[in-house]
Amino acid sequence: MQQIELILFYVFSAVTLTGALGVVVLRNTMRAAISLLFSLLGVAALFFLRHAEFLGAVQLLVYAGGIVVLFLFAIMFVPANDRTHRKWHLQWPVALLIALLFGISILYFVGYHQWVSGKALDAFTEGGGNTEAIGVFLYRNYLVPFEAASLFLLVAMIGAILLGRWRDKL
Amino acid sequence: MITPTHYLVLSAILFSLGVLGVMVRRNLITLLMCLELMLNAVNINFVAFSHHFADLTGQVFAIFVITVAAGEAAIGLGIIVNIYRHKQTLDADSIRSMQG
């Protein structure tokens, strides 16, 4: 069981990282968006693997179902190919160096601490399940941030409508 | 056995890829996509630690991160489409009218 979990982790990690790499290197934005979709699906699978079922479902619905579709719509408004793109401008080696240094420094601190695993694995997924536990937890402890988030979404929605309308008509 | 270290390494690589993308790409839409990658890397860490410490706070925080990411994508793409209508380009280097 542990072995299967580990294999699944590596498979989903590979999907996620390959998708992310595609987003960075593909020049066609449509292909990059599809690559992003695969990356997000991999992340959702990793959430399921960590028994965050509700969050995995939210990831599937909001990211794969919402944000990627929004990206595709925006891409359809503009030409798919990056006309002004230069393949190897000076920023490539510099950016590669900075990203590598950044990643290596994070990995150094990650390796610093050995996490002992298996503390309390499924303590909060028993009984009512992950969704119910999150609902109770959210409404008991984080009600004000929750309402603030809904207000934020309302403001974002109005803003997106205003930004998206044609200029001379309201 | 999957330890938090597995997830931390994965998330570090994903975040670095996002940073690299933001630095090398010139297309504004791709820039926004790389931003989403970085937010996902953060969410992976939240969920891994939430599982490790058996504390739901991490998952709740990840939900808020997803909320903000959704709003950011909607507003950002609206702005980008408007930029394209005005400038007929999505090249981040050519948008410099605020440079004075």
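Each chain has its residues counted from 1, running along the sequence as written. Chain letters and ligand numbers both follow the written order, the letters beginning at A and the numbers at 1. Local features in a predicted model are, by the rule used here, given only for residues with pLDDT of at least 70; side-chain atom pairs are given and counted only at 80 or more, and totals for whole chains, interfaces and linings are based on all residues. Only hydrogens and water are set aside when side-chain values are computed; all heavy atoms of the structure are taken into account.

1. Description of the overall build of chain A
And step 1. The helix count covers DSSP runs of H or I at least four residues long, the strand count covers runs of E at least two residues long, and both are numbered beginning at the N terminus. In terms of helices and strands, chain A carries 6 helices and 0 strands.
And step 2. Helices and strands in chain A line up, N terminus first, as α-α-α-α-α-α.
And step 3. Only protein chains enter the accessibility calculation, which uses a 1.4 Å probe; a residue whose area is less than 20% of its type maximum is buried, one above 50% is exposed, and one in between is partly exposed. For chain A, buried positions account for 34% of its 170 residues.
And step 4. Should any heavy atoms of two residues lie within 4.5 Å, those residues are considered in contact. Taking the intrachain contacts of chain A between residues at least 6 apart in sequence as the baseline, contacts between residues at least 24 apart amount to 58%.
And step 5. Residue exposure ignores everything except the shown protein chains as possible cover, and the areas themselves are Shrake-Rupley values with a 1.4 Å probe. Surface accessibility of chain A: about 10,600 Å² in total, with carbon and sulfur atoms responsible for 73%.

2. A short note on the confidence of the model for chain A
And step 1. Mean pLDDT over chain A works out to 84, with 83% of the residues at or above the 70 mark.
And step 2. Here helix H4 (residues 91–112) of chain A stands out as the element of chain A with the lowest mean pLDDT, 87, in contrast to helix H2 (residues 29–49) of chain A, whose mean of 93 is the highest. You can read pLDDT as the predictor saying how much it trusts each residue, on a scale of 0 to 100.

3. A few points about the side chain of A:Glu5
And step 1. Within the element layout of this structure, A:Glu5 appears in helix H1 (residues 2–25).
And step 2. Nearest to the buried, unbridged A:Glu5 among oppositely charged side chains is A:Arg50, at 4.8 Å.
And step 3. Setting aside residues up to four positions removed in sequence, A:Glu5 forms contacts with A:Leu49, A:His51 and B:Ile2. Asp and Glu count as negative and Lys and Arg as positive, but His and the ends of the chain are not part of the count. Think of a salt bridge as a Lys or Arg side-chain nitrogen and an Asp or Glu carboxyl oxygen that are within 4 Å of each other.

4. Points about the environment of B:Thr30
And step 1. Take B:Thr30: it is sitting in helix H2 (residues 28–52).
And step 2. Through-space distance from the C-alpha of B:Thr30 to that of B:Ile2 is 32 Å; in sequence the pair is 28 residues apart.
And step 3. With residues up to four places along the chain from it excluded, the contact list for B:Thr30 reads A:Val23, A:Thr29 and B:Arg25.

5. A look at the packing of H2(B) against helix H3 (residues 57–87) of chain B
Residue and element names in this part refer to chain B.
And step 1. To get an axis, fit a line to the C-alpha atoms, keeping to the stretch in contact for a helix; angles then go from 0 to 180 degrees between the N-to-C directions. For the pair H2 and H3, interaxial distance at closest approach is 9 Å and the crossing angle is 175 degrees. When the axes of H2 and H3 are compared, the pair comes out roughly antiparallel.
And step 2. The residue classification treats Ala, Val, Leu, Ile, Met, Phe, Trp, Tyr, Cys and Pro as nonpolar and Asp, Glu, Lys and Arg as charged. All others, Gly included, are polar. For the contact of H2 with H3, the residue count by class is 15 nonpolar, 5 polar and 2 charged. Each angle receives one of four descriptions, namely roughly parallel if under 35 degrees, roughly antiparallel if over 145, roughly perpendicular if within 65 to 115, and oblique otherwise.

6. A few points about the packing of helix H3 (residues 53–77) of chain A against helix H5 (residues 130–141) of chain A
All names here are of chain A.
And step 1. Where H3 meets H5, the closest approach of the two axes is 7 Å, and the angle between their N-to-C directions is 90 degrees. Here H3 lies roughly perpendicular to H5, going by the angle between them. Of H5, the residues touching H3 (which contributes Glu53, Phe54 and Leu55) are Asn130, Thr131 and Ile134.
And step 2. Considering only residue class, the contact of H3 with H5 consists of 3 nonpolar, 2 polar and 1 charged.

7. Concerning the environment of A:Leu70
And step 1. Note that A:Leu70 resides in helix H3.
And step 2. Distance in space between the C-alpha atoms of A:Leu70 and A:Leu6 is 34 Å, their sequence separation being 64 residues.
And step 3. Excluding its chain neighbours within four sequence positions, the residues that come into contact with A:Leu70 are B:Ala73, B:Ala74 and B:Leu77.

8. A word on the interface of chain B and chain A
And step 1. Across the contact, 73 residues belong to chain B and 89 residues belong to chain A.
And step 2. Carbon and sulfur atoms make up 74% of the surface buried where chain B meets chain A, a total of about 7,400 Å² over both sides.
And step 3. Inspection of the chain B/chain A interface yields 0 salt bridges.
And step 4. Contacts described as polar in this section are N or O atom pairs within 3.5 Å, which, within protein, must combine one atom able to donate a hydrogen with one able to accept it, while residues neighboring in sequence count only if both atoms come from side chains. Where chain B meets chain A, there are 6 residue pairs in polar contact (both at pLDDT 80 or more).
And step 5. The set of elements that each furnish at least two residues to the side of chain B that touches chain A consists of helix H1 (4–24), H2 and H3 of chain B.
And step 6. Ranked by residues supplied to the side of chain B that touches chain A, first place goes to H3(B) with 23 residues. What counts as buried area is the accessible surface, traced by a 1.4 Å probe, that two parts surrender upon association, with contributions from both included.

9. Examining the nonpolar core
And step 1. Among the buried residues, those of types Ala, Val, Leu, Ile, Met, Phe, Trp, Tyr and Cys that are joined through side-chain atoms within 4.5 Å form a nonpolar core. Grouped together as the largest cluster of nonpolar side chains are 61 residues, with contacts concentrated most on A:Leu36, A:Leu55, A:Phe71, B:Tyr7, B:Ile29, B:Met33 and B:Ile44.
And step 2. Elements represented by at least two residues in this core include exactly H1, H2, H3, H4 and H5 of chain A together with H1, H2 and H3 of chain B.
And step 3. No other element matches H3(B), which puts 11 residues into this core.

10. Here's the deal with the confidence of the model for chain B
And step 1. Of all residues in chain B, 99% have pLDDT values of 70 or greater, and the mean over the chain is 89.
And step 2. Predicted as a complex, the structure gets a pTM of 0.89 and an ipTM equal to 0.91.

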